[in-house]
Amino acid sequence: MASLLIKNATLLVTMDAQRREIADGAVFVRDNVIEAVGATAELPDTADQVIDARDQVVIPGLVNTHHHMFQTLTRARVQDNELFGWLQGLYPIWANLTPEMAKVSTQTAMAELLLSGCTTSSDHLYIYPNGRSGQVRLDDSIEGAQEIGMRFHAARGSMSVGESKGGLPPDRVVEDEAAILTETQRLIERWHNPGRFAMQRIVVAPCSPFSVSRELMRDSALLARQYGVSLHTHLAENDNDIAYTREKFRCTPAEYVEQLGWTGPDVWCAHCVKLDAHGIALFARTGTGVAHCPCSNMRLASGIAPIRAMRDAGVSVGLGVDGSASNDAGHLLGEARMAMLLQRVAHGPVDGPAAMGAREALEIATLGGAKVLNRDDIGALAPGMAADIVTVPLDGIATAGALHDPLAALLFCQIPRIRHSIIDGRVVVRDGELATLELPRLVARHNALARELADA
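Residues numbered from 1 in each chain as written. Predicted model: local features only at pLDDT ≥ 70, side-chain atom pairs only at ≥ 80, totals over all residues. Heavy atoms only, no water.

What follows deals with the nonpolar core. Ranked by internal contacts, the top residues of the largest apolar core, which has 138 residues, are Phe283 and Ile389. Apart from the residues within four sequence positions on either side, Phe283 is in contact with Leu235, Val257, Cys269, Cys272, Leu275, Thr288, Gly289, Val290 and Val315. One finds Ala205, Trp268, Val372 and Ile378 within the second-largest nonpolar core, a separate group that totals 13 residues. (Core = buried A, V, L, I, M, F, W, Y, C linked by side-chain atoms within 4.5 Å. Buried < 20%, exposed > 50% of the residue type's maximum accessible area, 1.4 Å probe, protein only. Contact = heavy atoms within 4.5 Å.)

Have a look at this one:
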């Protein structure tokens, strides 16, 4: 069995049950599982592969709980609209998405995530243009993830209520509901791995209250529970989102999901910027998770999600970079930094306990995301956990002057790029460079496809 040793870390941040932070720390891995964690002097000094983490912080791989990776093709478009106007400006462009675009954009988004410390990501692909000869399938994204080496929760999104039925999306990007359920079932049976250390899982993910019917939400929940997979959707993102739900369904977003059986530890909802007190209590009581996407919420002027109130109530919260056309970046460590700062903006002065500190922000980005995705094998560095490990350099200008607290430096400073990333025991980023794909070639092809999509 192959072994890997990471040693001499300036600080090893475990996120284990004791939240240990180990100076001169080390991790020993056998195959794809962590076997030992401790001080360098306490661990084996040899392995098949050794990484010297001197002048680096070692952390668990970060977990991204919400993304739309195809949107990397349309960054910095529709710059000055709130959610509904932004979507209406982009739907006609996305309607020309091709299978190659889906795969290449997935790999581009994943490369950006990997270089920012993310080792596990969900992606919510909900655009499946109808009437095209080459039909986009979620398989395109899954195959891209396998090539680049990221642990992947592929969410089969869907939209079924187009403009002709009172929904927001144009009819050319919505699907028949029976076909959605049949295709989702095929994907689960083909790709879902329920086992520990799984690299690939499928999620059932109708897009939003303003693009699918109550019936599809209900039937999706039944399908997911039949197969034991998770559920995901957007919820309570902004004021227009709330108004639509009240007008069409005569209830609040929280009441809507409660009525349809969309609560429980197998469910997580993106954004929840406008989740009310009843919704927060409901999510806490049922174990329903939230994907917090601070940069997207600011970009679209949606507001500041009540993360402090959610955490205090016991709601499971993870981080999401959201689509790279509503955030325009996919830097997950940077997203954790923004989450921390935005809660401070929301809650005023920080004399005494801060609204959110660096350690809590990192916990949300690791253990929080793992819990939201309903996993107990990622998010911490401890024996028996998956070997998803990231090292972050401390010897550059970004952290100069912050070495008295290396963990805080990761969140208060702006880290351009991580040094190493190990996923499932495999080195995916080495010395700050992607090791699994040729990045310049990927970016060049991605830019060509982005131009093709815009021209179409």
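Let's shift gears to the layout of surface pockets. Over the atoms rolls a probe the size of a water molecule, and in doing so it shows where empty space is left. Here the largest pocket defines a volume of roughly 280 Å³. Around the largest pocket, the lining is made up of 16 residues, and of these Arg75, Thr108, Glu112, Leu439 and Val443 lie nearest the centre. Its residues assigned to classes, the lining of the largest pocket comprises seven nonpolar, six polar and three charged. Taken as a whole, the second largest pocket encloses approximately 150 Å³ of empty space. (1 Å grid on protein atoms, 1.4 Å probe; cavity = no way out; pocket = protein on both sides within 12 Å on 5 of 7 lines; lining within 4 Å. Points joined across faces, edges and corners; volume = space filled by probe spheres on them. Nonpolar A, V, L, I, M, F, W, Y, C, P; charged D, E, K, R; others polar.)

Let us now look at the environment of Ala178. Looking at the secondary structure, you find Ala178 in helix H4 (residues 177–191). When the C-alpha atoms of Ala178 and Arg419 are compared, they prove to be 46 Å apart, with 241 residues separating the residues in sequence. (Helix = DSSP H or I, 4+ residues; strand = E, 2+ residues; numbered from the N terminus.)

Attention shifts here to the pattern of salt bridges. Taken as a whole and judged by the stated rule, the model has 29 salt bridges. Glu258 is paired through a salt bridge with Arg285; the nearest N and O atoms lie 3.9 Å apart. Taken as a pair, Glu258 in helix H7 (residues 253–259) and Arg285 in helix H8 (residues 277–286) lie far apart in primary sequence, 27 residues in all. Between Arg311 and Glu363 there is a salt bridge, with its nearest N and O atoms 3.4 Å apart. One end of the pair, Arg311, is in helix H10 (residues 307–313); the other, Glu363, is in helix H12 (residues 358–372), with 52 residues separating them in the sequence. Using a relative accessible area of 22% as the deciding quantity, one classes Arg311 as partly exposed. (Salt bridge = Lys/Arg side-chain N within 4 Å of Asp/Glu carboxyl O.)

For Asn8, the position within the fold is in strand S1 (residues 3–13). Judged by relative accessible area, which is 17%, Asn8 ranks as buried.

Bringing H12 into the picture now. Helical geometry note: an α-helix holds 3.6 residues per turn, so side chains three or four residues apart project in the same direction. With 15 residues, H12 should reach 21 Å at 1.5 Å per residue; the first-to-last C-alpha distance of 20 Å fits that figure. The axis of H12 is deflected most strongly, by about 40°, at Ile364. Inspection of H12 places Ala358, Glu360, Ala361, Leu362, Ile364, Ala365, Thr366, Gly368, Gly369, Ala370 and Val372 among the buried residues, and these make up the whole buried set. At the exit of H12 stands Asn374, carrying a positive phi of roughly 65°. (Expected span 1.5 Å × (residues − 1). Bend = angle between axes of the 7 residues up to and from the residue.)

With that out of the way, let us pick up the pairing of S1. Judged by how many residues are buried, S1 sits mostly within the fold: nine of eleven residues are covered. Bridging between S1 and strand S2 (residues 21–30) involves eight bridges; their strand directions are antiparallel. Looking at S2, one finds that Val13 is bridged to Glu21. Note: S1 against strand S4 (residues 49–52), four bridges, orientation parallel. Residue pairing in the sheet places Leu4 in a bridge with Gln49 of S4. Bridge count between S1 and strand S5 (residues 56–60): two bridges; the pairing is parallel. (Pairing = 2+ DSSP bridges.)

Let's shift gears to empty space enclosed by the protein. Under the counting rule described, the total for this entry stands at two cavities of 30 Å³ or more. One number sums up the size of the largest cavity: a volume of about 120 Å³. Forming the boundary of the largest cavity are 17 residues, of which Leu83, Leu87, Tyr126, His234 and Glu237 lie nearest the centre. Top contributing element to the lining of the largest cavity by residue count: helix H1 (residues 83–94), with four residues.

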